[in-house]
Amino acid sequence: MYIRVLEEFDARLYQELRLKALKLSPEAFGSTYEREVQLTLDTFVERIKPMDGKFVLGAFDENGSLVGSVRFVRDTGMKSNHKGNVYGMYVAPEAGGQGLGKKLMLELIRRASSYEGMEQINLIVLSDNVIAKKLYKSLGFEIYGIEHKALKYNGQYFDEDLMVLYI
């Protein structure tokens, strides 16, 4: 396994992994498979294009298949650019149990921490996602709030925990 920042030429692989994530874990994301399957490849190119304060990390297996990803976006507001946000953390089931989620998050934290003035990293996770919350807590993230009924999918509500890591 190796981890690197995704580039525009990785857009197709990222699109496939993202759609897989939305299909297998629809309640875990704010978006839906039905919405994102209609997006063009160019949309995914723009989503992963590295820029100052924004990157997507990809985890690749020994066959070169993309099996995990996570996105970081720094706030751009004059009063909020000391913060950044984690989005779309996902590890494919076939790559689970190998510590890949932790490796992705450690690399995200390392890279995000290198930005001048970066003080905190925020993320949102389903309140009942015990495995993800355990991972985030092991990295120093703390829960600072809960949004009840944050998501509604197929008539069921899901609460989300708001977490922060001060760096």
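Residues numbered from 1 in each chain as written. Predicted model: local features only at pLDDT ≥ 70, side-chain atom pairs only at ≥ 80, totals over all residues. Heavy atoms only, no water.

In the numbering adopted here, UniProt assigns the feature "domain: N-acetyltransferase" (unreviewed entry) to residues 1-167. The distance separating the terminal C-alpha atoms of residues 1-167 is 27 Å; by composition the span is 29% helix and 35% strand. (UniProt positions renumbered as here; feature names shortened; annotations may be inferred. Helix = DSSP H or I, 4+ residues; strand = E, 2+ residues; numbered from the N terminus.)

As a packed pair, helix H1 (residues 11-24) and helix H3 (residues 41-48) sit with axes 9 Å apart at the nearest point and diverge in direction by 100 degrees. When the interaxial angle is binned, H1 and H3 end up roughly perpendicular. Between H1 and H3, the contacting residues are Ala 11, Arg 12, Tyr 14, Gln 15 and Arg 18 on the first element and Leu 41, Phe 44, Val 45, Arg 47 and Ile 48 on the second. Its residues assigned to classes, the contact of H1 with H3 comprises six nonpolar, one polar and three charged. (Axes fitted to C-alpha atoms, helices over the stretch in contact; angles between N-to-C directions. Parallel < 35°, antiparallel > 145°, perpendicular 65-115°, else oblique. Contact = heavy atoms within 4.5 Å. Nonpolar A, V, L, I, M, F, W, Y, C, P; charged D, E, K, R; others polar.)

The next thing to look at is the sheet that holds strand E7 (residues 156-166). Across the sheet, seven strands lie side by side as E1-E2-E3-E4-E5-E7-E6; this open sheet has mixed pairing. Looking at strand neighbours, the two that pair on one side only are strand E1 (2-5) and strand E6 (142-153), the edges of this open sheet. Ignoring which end each strand starts from, the neighbouring axes of this sheet average 25 degrees apart. Here strand E4 (residues 83-91) runs beside strand E5 (residues 120-126); their pairing, made up of three bridges, is parallel. When the bridges of E5 are listed, Lys 83 appears paired with Gln 120. (Pairing = 2+ DSSP bridges.)

Here the focus is the nonpolar core. Met 105, Leu 108, Ile 121, Tyr 136 and Phe 141 are the most contacted members of the largest nonpolar core, which totals 44 residues. Sorting elements by how many residues they give to this core places helix H4 (residues 100-113) first, with six residues. Not counting residues within four places of it along the chain, the set of residues in contact with Ile 121 comprises Phe 72, Gly 84, Val 86, Leu 108, Ile 109, Ala 112, Phe 141, Met 163, Val 164, Leu 165 and Ile 167. (Core = buried A, V, L, I, M, F, W, Y, C linked by side-chain atoms within 4.5 Å. Buried < 20%, exposed > 50% of the residue type's maximum accessible area, 1.4 Å probe, protein only.)

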